[in-house]
Amino acid sequence: MSDVKTQEHAAGEAAKDCDCKDSSRRAFFAKVGMGSLVVAAAGTGLFSYEYFSPNVLFESAPIIKAGKPDQFAAGTVTLDAQSGIYLINGVKGFYALGAICTHLGCLTAWKPELGTDGQIACPCHGSRFNRDGIKVAGPAPQPLPWLKVWLAEDGNLMVDRSTTLKEPEYVKV
Amino acid sequence: MSMATTIKSEFERLRNTEVWRTIFRSGSGASNLHRAQAVQQNIFLHLFSVKVRSRALEFSPTWYLGALTLSTFFILIATGILLMFYYHPSVPQAYADMKDLQFVVASGVFLRNLHRWSAHAMVFLVFAHMFKVFYRGAYRPPRQFNWVVGVFLLLLTLLLSYTGYLLPWDQLAFWAVTVGSNIAKAVPFMGKQIRFLMLGGNEVNANALLRFYVLHCVILPLAAILMVGVHFWRIRKDGGLYVPEKKKL
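Calculation notes
- Residue numbers restart at each chain and count upward from 1, following the sequence in its written direction.
- In the order they appear in the text, chains get letters beginning with A and ligands get numbers beginning with 1.
- Where totals are concerned, whole chains, interfaces and linings use all residues; where local detail is concerned, this predicted model gives features only for residues with pLDDT of at least 70, and gives and counts side-chain atom pairs only at 80 or more.
- Note that the side-chain values use all heavy atoms of the structure and ignore hydrogens as well as water.
- Starting at the N terminus, helices and strands are each numbered in turn, a helix being any DSSP run of H or I of at least four residues and a strand any DSSP run of E of at least two.
- We call two residues in contact when some of their heavy atoms are within 4.5 Å.
- Reported accessibility uses the Shrake-Rupley method at a 1.4 Å probe radius. Residues are deemed covered only where the shown protein chains occlude them.
- Summed over both partners, the accessible area lost on bringing two parts together, with a 1.4 Å probe, is the buried area.
- A pair is scored as a salt bridge if a Lys or Arg side-chain nitrogen falls within 4 Å of a carboxyl oxygen belonging to Asp or Glu.
- Counting of polar contacts relies on pairs of N or O atoms within 3.5 Å, with two restrictions inside protein: one atom must be capable of donating a hydrogen and the other of accepting it, and residues adjacent in sequence are counted only when both atoms are side-chain atoms.
- Reported domain spans reflect what an automatic or database domain assignment gives.
- Interaxial angle, 0 to 180 degrees, is taken between N-to-C directions of lines fitted to C-alpha atoms, where a helix line uses only the stretch in contact.
- Comment on the angle field: the value is read as roughly parallel under 35 degrees, roughly antiparallel over 145, roughly perpendicular from 65 to 115, and oblique elsewhere.
- Nonpolar residues are Ala, Val, Leu, Ile, Met, Phe, Trp, Tyr, Cys and Pro. Charged residues are Asp, Glu, Lys and Arg, and all others, Gly as well, are polar.
- The criterion for an aromatic pair is that two Phe, Tyr or Trp rings (for Trp, the six-membered ring) have centres within 6.5 Å, with stacked assigned to planes under 30 degrees apart, edge-to-face to planes over 60 apart and tilted to the rest.
- Charge over a ring is defined by NZ of Lys or CZ of Arg lying within 6 Å of the ring centre and within 35 degrees of the ring normal.
- A pair of strands is treated as paired once DSSP finds two or more bridges between them.
- Any residue under 20% of the maximum accessible area for its type is buried, any over 50% is exposed, and the rest in between are partly exposed; the area is computed with a 1.4 Å probe on protein chains only.
- Note on terminology: disulfide denotes any pair of cysteine sulfur atoms within 2.5 Å.

1. Description of the overall build of chain A
Within chain A one finds one helix and 10 strands. Along the chain direction, N to C, the helices and strands of chain A fall in the order α-β-β-β-β-β-β-β-β-β-β. In chain A, the proportion of contacts linking residues at least 24 apart, taken out of those at least 6 apart, comes to 40%. Summed over all atoms, the accessible surface of chain A reaches about 11,500 Å², with 60% contributed by carbon and sulfur.

2. Digging into the interface of chain B and chain A
At the interface, 14 residues of chain B touch 12 residues of chain A. Interface area, chain B with chain A, both sides summed: about 1,100 Å², of which 65% is carbon and sulfur. Summed over the shared surface of chain B and chain A, the number is zero salt bridges. The tally of links from chain B across to chain A stands at four residue pairs in polar contact (both at pLDDT 80 or more).

3. Re the domain arrangement of chain B
Partitioning chain B into domains gives domain 1 (3-40) and domain 2 (56-237). One C-alpha centre belongs to domain 1 of chain B, the other to domain 2 of chain B; they are set 39 Å apart.

4. Examining the packing of helix α6 (residues 94-103) of chain B against helix α7 (residues 108-136) of chain B
All names here are of chain B. The N-to-C vectors of α6 and α7 enclose an angle of 115°; their axes lie 5 Å apart at closest approach. It follows that α6 is roughly perpendicular to α7 by the angle criterion. Taken together, the residues of α7 that come into contact with α6 (itself represented by M98, L101 and Q102) are G108, V109 and R112. Considering only residue class, the contact of α6 with α7 consists of three nonpolar, two polar and one charged.

5. A look at the packing of aromatic side chains
Tallied over the full model, the rule gives 20 aromatic pairs over all chains. Their ring planes at 70° and their centres at 5.3 Å tell us that F28 of chain A and F29 of chain A sit as a pair that is edge-to-face. Taken together, the aromatic side chains of F131, F134, Y135, Y139 and W147 of chain B make up a single cluster linked through ring pairs. Between K148 of chain A and the ring centre of W150 of chain A, over which it is positioned, the NZ or CZ distance is 5.3 Å.

6. Quick notes on the sheet that holds strand β5 (residues 109-111) of chain A
In spatial order, the strands read β5-β6-β7-β8 (chain A); together these four strands make up an open sheet with antiparallel pairing. The open sheet has two free edges, formed respectively by β5 and β8 (135-137) of chain A, since each of these has just one partner strand.

7. A look at unusual backbone geometry
Residue and element names in this part refer to chain B. Residue P142 is reached from P141 by a cis peptide bond, and omega for that bond is 5°. Among the structural elements, P142 can be located in the loop between α7 and α8 (144-166). The residue S107 is not glycine, and still its phi comes out positive at about 65°. By secondary structure assignment, the location of S107 is in the loop between α6 and α7.

8. Brief notes about the side chain of S127 of chain A
Residue and element names in this part refer to chain A. Mapped onto the elements, S127 comes out in the loop between β6 (119-121) and β7 (128-129). The buried category is assigned to S127, whose relative accessible area is 1%. Polar contacts involving the side chain of S127 include one to the main-chain amide nitrogen of A140, which spans 3.0 Å.

9. A closer look at the environment of N202 of chain B
Its place among the elements puts N202 of chain B in the loop between α10 (191-199) and α11 (206-237). Here N202 of chain B falls in the partly exposed class, since its relative accessible area comes to 44%. In this structure, the C-alpha to C-alpha distance between N202 of chain B and V39 of chain B, residues 163 residues apart in sequence, is 52 Å. Among residues more than four places away in sequence, those in contact with N202 of chain B are L57 and E59 of chain A together with R195 and F196 of chain B.

10. What about the pairing of strand β4 (residues 94-98) of chain A?
All names here are of chain A. For β4, a buried count of five out of five residues is recorded, marking the element as mostly surrounded by other parts of the structure. Neither face of β4 is open: one carries F94, A96 and G98, the other Y95 and L97, and all of them are buried. Across five bridges, strand β3 (residues 85-89) lies against β4 in antiparallel orientation. Note that in β4 the partner of I85 across the bridge is G98. The hairpin formed by β3 and β4 contains four residues between the paired strands, and G93 there has a positive phi angle of roughly 140°.

11. Description of the state of the cysteines
Residues and elements named next belong to chain A. On inspection of all chains with the given rule, the structure shows one disulfide over all chains. The disulfide partner of C106 is C124, and the gap between their sulfur atoms is 2.1 Å. Of note, the bridge from C106 to C124 carries an S-S torsion of about -85° and is left-handed in sense. Of this pair, C106 sits in the loop between β4 and β5 while C124 sits in the loop between β6 and β7; the two residues are 18 residues apart in sequence, bridging distant segments of the chain. For C106, a relative accessible area of 2% puts it in the buried group. Assessed through its relative accessible area of 30%, C124 is described here as partly exposed. Here C122 stays free of any disulfide, with the sulfur of C101 as its closest cysteine sulfur at 3.8 Å.

12. A closer look at the sheet that holds β4 of chain A
What links the strands of a sheet is backbone hydrogen bonding, and the strands pair in either a parallel or an antiparallel sense. Residues and elements named next belong to chain A. Across the sheet, six strands lie side by side as β1-β10-β9-β4-β3-β2; this open sheet has antiparallel pairing. Where the open sheet ends on each side, the last strands, each with one partner, are β1 (63-67) and β2 (77-80). In this sheet, neighbouring strand axes are inclined to one another by 30° on average, regardless of whether the strands run parallel or antiparallel. In this structure, β2 lies alongside β3, joined through four bridges in antiparallel fashion. Residue L79 lies in a different strand from β3, and its bridge partner there is Y86.

Below you can see the structure in the form of structure tokens.
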């Protein structure tokens, strides 16, 4: 009788030892499993981000051929709605402004009847700018950007929409 | 035998046929158990309680605003699927397809207007439903989780409205989404990336139209159906609709 009990006890202890070993091994594999799940989830997130970001875009190039200087009469502000720029033949020379409102991205329009000598007006939320791009009214947080302008060898005025100027620059022709 | 009783007994006979009983497992019978089983053993009805307080079915506790919201959602699914048969989400065709629906397709203008007005109604009803729940205090425990589910359903409703806004591809659609995506750009640190992912580019163009179409017709409706399922199931789990005791006069 006592033998049986001892045997049972021994078996129980052995089982307990075994459990400890098992659970440490189990814990290890559980950690490996969870770790690989975390890596897989992070990878899925990264791959999804990459997948949903197009690598090739069919959007217009940033550099625009605006036209010959004599197409723009002195003192005029000309909107190119397709490329979203103004080409202005000012007193000091030619310069270009971005025509996309700095508030929420609507296309602005040149309104010669506004102000003393015309204003650039946004139809969406009423922002207004003068011909130097400085805001005169409305919610726009920033002036319209000055864009890089140069005269190409073929005599056309070129505008780079991706390069904004910190200081005003004029192209004399 | 009068006509009504003839129809009734014929219906009773139908309910005891083998075909009927394989479809509706509960079979016929007028006991409360049979009535309960008719709800509990039907896949569409089993989300609901088998028993409700008659007070919960009255007008005043809910003004039926949740049920009305669900009705507009069903109308939107039905009309939306029909509109999809004529609409191509591509830049050259989207606007023309929308005009064709209005002037060429039989009943097209009716379906398009029904879709549009139901969408407006659904936004209004979701807000009305939330105000009703809020001012009655029906969001309180044990129903606080269902309130949170409802907030997600509000967001899904607004996102469905916003993505549907672009699809006519007219001036209003184009500039509304230009403005909306620029608002998303104002998110700190990752605003530019969010806008780029939303539009699939830097401007509202073919990629943006396709993305909004897939979101509007597949992803957001599936998410909404799933959440509506949870929302209705939780009504039962949380002890039915919130109905305060009638005050004794």
